Amino acid sequence: MAAESHVPDALTVEVAELIGTVVARYHEEYELAAAEHALTGAQARVLALLAREPKPMRQLARHLKCEPSNVTGIVDRLESRGLVERRPDPADRRVKVAAATEEGRSTAARLRGELDFAGEPLQELTLAERRLLRDLLKRMLGEPEH
């Protein structure tokens, strides 16, 4: 017995294409903003994550959906620029966590402030519309809503 294939309706296809366009524009702008700080997009993403909180390398790799060796190289380059440091995990001193330095947090904040693509259109939505959009996106991703 053949598996039944599901053909999405036209609205679902349109929404998926619009999400894809938003993601592509965001990544394009993110890459340009990162380059202004002599960072690759991947380095900027790691720095942004570490500016929020220190993370073990394996957790970073899982979050970025890449191999731990790739994250090691990215963290090495960020560390050589003084944007990130490695330190023992307070919960398990055998584990090293990567953490943004003060300069790294400052760079991440400037980079975030330079991303106009998401900010400008979102500001045109009402607070209620932005909350609804956030909640719908979280629901699509299987994350708890507020």
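Look a little higher up for the structure.
Please read these numbers as outputs of a predicted model, since none were measured by experiment. (Residues numbered from 1 in each chain as written. Predicted model: local features only at pLDDT ≥ 70, side-chain atom pairs only at ≥ 80, totals over all residues. Heavy atoms only, no water.)

Caption draft 1: Structural detail: unusual backbone geometry. You will see that Ala38, though not glycine, has its phi angle at about 55°, which is positive. Note that Ala38 resides in the loop between α1 (10-36) and α2 (41-52). Since its relative accessible area comes to 55%, Ala38 is described here as exposed. Although it is not a glycine, Lys65 sits at a positive phi angle of roughly 55°. Note that Lys65 resides in the loop between α3 (57-64) and α4 (68-80). (Helix = DSSP H or I, 4+ residues; strand = E, 2+ residues; numbered from the N terminus. Buried < 20%, exposed > 50% of the residue type's maximum accessible area, 1.4 Å probe, protein only.)

Caption draft 2: Just the packing of aromatic side chains, in detail. In total, this model carries 1 aromatic pair according to the counting rule given. Measuring from centroid to centroid gives 5.6 Å for Tyr26 and Tyr30, while their planes differ by 35°, and the two rings are tilted. Here the residue Tyr26 and the residue Tyr30 both occupy positions in helix α1, the gap between them amounting to 4 residues, near one helical turn. Here Tyr26 falls in the partly exposed class, since its relative accessible area comes to 32%. (Phe/Tyr/Trp six-rings, centres within 6.5 Å; stacked < 30°, edge-to-face > 60°.)

Caption draft 3: Region of the structure containing the sheet that holds strand β2 (residues 84-89). Spatial ordering of the open sheet is given by β1-β3-β2, a layout of 3 strands whose pairing is antiparallel. If you trace the sheet from one side to the other, it starts and ends with β1 (55-56) and β2, each paired once. Bridge count between β2 and strand β3 (residues 92-100): 6 bridges; the pairing is antiparallel. Each residue of the ladder has a partner; that of Arg87, found in β3, is Val97. Across the sheet, α4 touches β2 and β3, and the angle it forms with β2 is around 115°. (Pairing = 2+ DSSP bridges. Contact = heavy atoms within 4.5 Å. Axes fitted to C-alpha atoms, helices over the stretch in contact; angles between N-to-C directions.)

Caption draft 4: How the structure looks around the nonpolar core. By size, the foremost hydrophobic cluster in this structure holds 24 residues, and its most contacted members are Leu39, Leu47, Leu60, Val75 and Leu78. No other element matches the 6 residues that α2 contributes to this core. Excluding residues that lie within four positions of it along the chain, Leu78 makes contacts with Leu39, Gln43, Val46, Leu47, Leu83 and Val84. (Core = buried A, V, L, I, M, F, W, Y, C linked by side-chain atoms within 4.5 Å.)

Caption draft 5: Representation of the packing of α2 against helix α5 (residues 102-113). Orientation of α2 relative to α5, taken along the N-to-C sense of each, is 115°, at an axis distance of 9 Å. As summarised for this structure, α2 and α5 are arranged roughly perpendicular, according to the angle between their axes. Considering the relative orientation of α2 and α5, their crossing is left-handed. Contacts between α2 and α5 pair Ala44, Leu47, Ala48 and Ala51 from the former with Gly104, Arg105, Thr107, Ala108 and Leu111 from the latter. Here the contact of α2 with α5 is built from residues that sort into 6 nonpolar, 2 polar and 1 charged. (Parallel < 35°, antiparallel > 145°, perpendicular 65-115°, else oblique. Left-handed = near helix turned anticlockwise from the far one by under 90°. Nonpolar A, V, L, I, M, F, W, Y, C, P; charged D, E, K, R; others polar.)

Caption draft 6: Just a nonpolar patch on the surface, in detail. Residues Leu11, Val15, Ile19, Val23, Leu122, Leu133, Leu137, Met140 and Leu141 make up a contiguous nonpolar surface patch of about 790 Å² in total accessible area. Secondary-structure elements contributing two or more residues to the nonpolar patch are α1 and α7 (127-140). A per-element tally of the nonpolar patch places α1 first, with 4 residues. For Leu133, the location among the structural elements is in helix α7. For Leu133, a relative accessible area of 32% puts it in the partly exposed group. (Patch = residues over 30% accessible without salt bridge, like charges linked within 9 Å, V, L, I, M, F, W, Y side chains within 5 Å. Areas by Shrake-Rupley, 256 points an atom, 1.4 Å probe, with all protein chains shown as cover. Salt bridge = Lys/Arg side-chain N within 4 Å of Asp/Glu carboxyl O.)

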